[in-house]
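Remarks on the overall topology
Chain by chain, the residues:
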Amino acid sequence: MSASRRSGTTDELGPDEPERDGADLLAALLDGMDAALCAFDADGVVTHWNREAERILGWTAAEAVGRQGFAGWAVRSADAEEVAARLLSAMHAPGRQVHEFALVTKGGGRVLVRTQSAAVRGPDGRPAGVYCAFSEVHTQIDLERSIALSEALFEDAGWGVVLVDADLRPAVVNAHAARALGTGRTAVLGRPLGDLLAQGVEELEAVLTHVLAEGAPPAPAEIWVGVRTPDGERRRCWRCGFVRLSSPLAEEPVPLGVGWLFQDVTEAKQAEQEAALLRFRSNQLHRAARAAAECEDPVEAAIVHLDFALAGFADHALIDRVAGGVLADGAETGPVRLLRVAATPSGGGGAPGPTVSAGRAGLPVRYGQGHPALQCVARAGSVRAGVGAVPADQARAWARARQWPEDAVHALCAVLRSRGRTLGVVTFLRGSGRSAFERSDTSYAEDVAVRIAGALDLAGLVRRDA
């Protein structure tokens with residue numbers, strides 16, 4: 001066998017023109033393949049060499065065909081014997097043999113290739129040679145890495161991965177994302193995102209639409225969502241990243257959808273928010289103390305503390321002092337009566353503050369038995385109260401019965417104490433658009449109550465009448 005003079009890539013099979021045409025056809029087929037192909041006869045002489053082999057190694061068919069193996073030109077001399085043995089072993093082995101080794105390019109560089117070789121049988125069925133297909137290993141490794149990465153993302157990743165199609169519906173979902181969405185991996189497929197999320201859908205769909213049109217945003221986005229679950233809605237914060245998916249087979253980019261990766265950062269965000277809230281409240285207390293120090297009237301100083309405390313904390317506030325004097329710890333006393341010292345205005349649509357003084361004497365308030373303010377004084381501790389989930393007219397009736405502004409639905413009463421005595425109570429109120437008071441709110445209210453009690457004690461309003 002020898003190299004074809006027409007193609008430069010295969011052998012001549014004989015002098016007859018039909019045979020020559022067949023050889024040309026074979027050469028054209030070999031040259032048109034994406035894989036690098038070469039062949040050896042039974043003695044290890046190169047008989048075929050296609051264009052892809054020439055592209056990878058730089059050696060032309062004219063330079064390769066007719067050489068004895070790869071020794072001295074396509075492999076290092078020290079490796080030639082081992083490489084030849086591994087390639088020619090395919091003549092006596094069933095099926096294909098796969099090997100990896102380094103070849104030498106015409107320019108002197110080294111290329112790691114993966115080969116698949118198999119025996120070529122003659123008319124009598126005996127081994128007549130070996131054909132070998134090879135490719136650069138990094139190409140195969142890149143493909144294997146891509147497949148491995150895809151499988152790992154959808155099986156082992158510790159964050160949610162969702163492939164969203166061009167209609168903004170999940171097409172593939174990994175196990176982590178399915179758990180985060182509160183459903184199974186197959187149950188979520190093809191469903192609108194609005195079926196899965198009660199809040200944050202509009203924001204999420206807007207980002208996905210932007211990614212489809214313009215590409216991925218420059219930085220991750222943090223989105224608060226409400227996940228629908230059988231136990232009700234769960235509010236979560238997800239840090240999301242997005243990548244646009246386009247078909248690699250089309251000449252022009254064809255959008256296939258969006259790769260959406262997210263991680264639950266709810267606990268971290270809540271911790272950040274709580275820390276920021278603590279810093280804000282601490283700053284408010286500090287500012288209130290500085291402003292109150294400039295007040296000549298201690299009652300005015302108490303009101304200043306209350307006004308600063310209201311910012312971002314409550315919609316309304318009331319200060320009531322114990323009628324007839326202070327209640328010392330352990331003292332016998334009858335029913336407690338309270339006098340209104342100051343309150344935020346409740347008219348004009350319930351607009352809060354500034355706090356208005358009711359005068360030094362105070363106005364009597366007729367709280368019914370079991371009123372949260374009276375409970376607060378009796379316990380000498382904070383009391384939280386709320387109307388719960390009721391119609392608006394019932395909520396207004398609940399607030400009126402307690403002599404609070406009609407829009408109040410959440411209350412927090414903190415006792416005013418100074419030098420071991422109970423002086424009164426400060427009540428903070430929130431409307432229907434606010435959340436209920438929590439334990440962290442109670443601590444803040446008690447800090448404010450300490451400062452108000454100190455100011456009232458200095459004002460002389462809490463001394464027992466003569």
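An account of the accompanying structure is given in this report. Quick caveat: nothing in here was measured; it's all calculated off a predicted structure. (Residues numbered from 1 in each chain as written. Predicted model: local features only at pLDDT ≥ 70, side-chain atom pairs only at ≥ 80, totals over all residues. Heavy atoms only, no water.)

Things to note about the pairing of strand β18 (residues 408-418)
Across the eleven residues that make up β18, a large majority, ten, are buried. Two elements, strand β17 (residues 383-386) and β18, share four bridges in a ladder whose sense is antiparallel. Bridged to G386 within β18 is H410. Direction of pairing for β18 relative to strand β19 (residues 421-431): antiparallel, over a ladder of ten bridges. Its bridge partner lying in β19, S418 is registered against R421. Hairpin remark: β18 followed by β19, antiparallel, with two residues in the connecting loop; positive phi at R419, about 55°. (Buried < 20%, exposed > 50% of the residue type's maximum accessible area, 1.4 Å probe, protein only. Helix = DSSP H or I, 4+ residues; strand = E, 2+ residues; numbered from the N terminus. Pairing = 2+ DSSP bridges.)

Regarding the environment of H286
Note on placement: H286 falls in helix α8 (residues 266-292). Using a relative accessible area of 45% as the deciding quantity, one classes H286 as partly exposed. The sequence separation of H286 and F308 amounts to 22 residues, and the corresponding C-alpha distance is 9.6 Å.

Comments concerning the sheet that holds strand β2 (residues 46-49)
Two strands in a sheet stick together by hydrogen bonds in their backbones, pointing the same way (parallel) or opposite ways (antiparallel). The five strands are arranged β2-β1-β5-β4-β3 in an open sheet whose pairing can be described as antiparallel. The outermost strands of the open sheet, each flanked by one partner alone, are β2 and β3 (97-104). Mean inter-strand twist for the sheet, computed between neighbouring axes without regard to direction, equals 30°. Sheet topology places strand β1 (residues 36-41) next to strand β5 (residues 127-136); six bridges connect them, and they run antiparallel. By the bridge assignment, F40 is partnered in β5 with V130. Across the sheet, helix α4 (residues 77-88) lies against β1, β3, β4 (110-121) and β5, angled at about 150° from β3, the strand it touches most. (Axes fitted to C-alpha atoms, helices over the stretch in contact; angles between N-to-C directions. Contact = heavy atoms within 4.5 Å.)

Structural notes on the side chain of S418
On the secondary structure map, S418 appears in strand β18. Classification of S418 by relative accessible area gives buried; the value is 12%. Look past the residues within four positions of S418 in its chain and what remains in contact with it is L423, A453 and D457.

Structural notes on the packing of aromatic side chains
Per the stated rule, a full pass over the model turns up 13 aromatic pairs. Considering the side-chain rings of W238 and W260, the 6.1 Å spacing of their centres and the 50° angle between planes classify their relative orientation as tilted. Residue W238 is located in strand β10 (residues 232-246), and its partner W260 is located in strand β11 (residues 255-264); the two are separated by 22 residues in the primary sequence. Neither residue differs from the other here; W238 and W260 are each classed as buried. An aromatic cluster of three or more residues is present, and its members are F40, W49, W59, F70, W73 and F134. (Phe/Tyr/Trp six-rings, centres within 6.5 Å; stacked < 30°, edge-to-face > 60°.)

Thoughts on helix α9 (residues 298-310)
Every α-helix carries 3.6 residues per turn, so stepping three or four residues along brings you back to the same face. Relative to the 18 Å expected for 13 residues at 1.5 Å per residue, α9 spans 19 Å between its end C-alpha atoms, a close match to the ideal helical length. Of all the positions in α9, only V299, A301, A302, I303, V304, H305, L306, A309 and L310 are classed as buried. Measuring from the backbone nitrogen of V299 back to the side-chain oxygen at the start of α9 gives 3.0 Å, which picks out D297 as the cap. Just beyond α9, the residue with positive phi is G312, at close to 70°. (Expected span 1.5 Å × (residues − 1). Polar contact = N/O pair within 3.5 Å; in protein donor to acceptor, adjacent residues only side chain to side chain.)

Description of the state of the cysteines
On inspection of all chains with the given rule, the structure shows zero disulfides. No disulfide involves C413; its nearest neighbouring cysteine sulfur is the one of C376, lying 5.7 Å away. (Disulfide = S-S within 2.5 Å.)

Side note on helix α7 (residues 201-214)
Compared with an ideal rise of 1.5 Å per residue, which puts 14 residues at 20 Å, α7 spans 20 Å between its outermost C-alpha atoms and is within 8% of the ideal. Those residues of α7 hidden inside the fold are in contact with β6 (160-164), β8 (197-199), β9 (221-229), β10 and β11. Directly after α7, the chain includes G215, whose backbone phi takes a positive value near 105°.

Describing the sheet that holds β11
Strand order across the open sheet formed by six strands is β7-β6-β11-β10-β9-β8, with antiparallel pairing between neighbours. Looking at which strands have only one partner, the edges of the open sheet turn out to be β7 (170-173) and β8. Sheet twist, expressed as the average angle between the axes of neighbouring strands with direction ignored, equals 40°. Direction of pairing for β10 relative to β11: antiparallel, over a ladder of nine bridges. By the bridge assignment, F242 is partnered in β11 with W260.

Considering the nonpolar core
Residues F313, I319, L416, V426, F428 and I452 are the most contacted members of the largest nonpolar core, which totals 32 residues. Contributions of two or more residues to this core are made by α8, α9, β12 (316-322), β14 (338-343), β18, β19 and α12 (439-459). Formed by 27 residues, the second largest nonpolar core is a distinct cluster that contains A177, L208, L212 and W238. (Core = buried A, V, L, I, M, F, W, Y, C linked by side-chain atoms within 4.5 Å.)

A look at the environment of H48
Here H48 is to be found in strand β2. H48 sits in the buried class, given a relative accessible area of 16%. Counting along the chain gives ten residues from H48 to C38, while the straight-line C-alpha distance between them is 4.9 Å.

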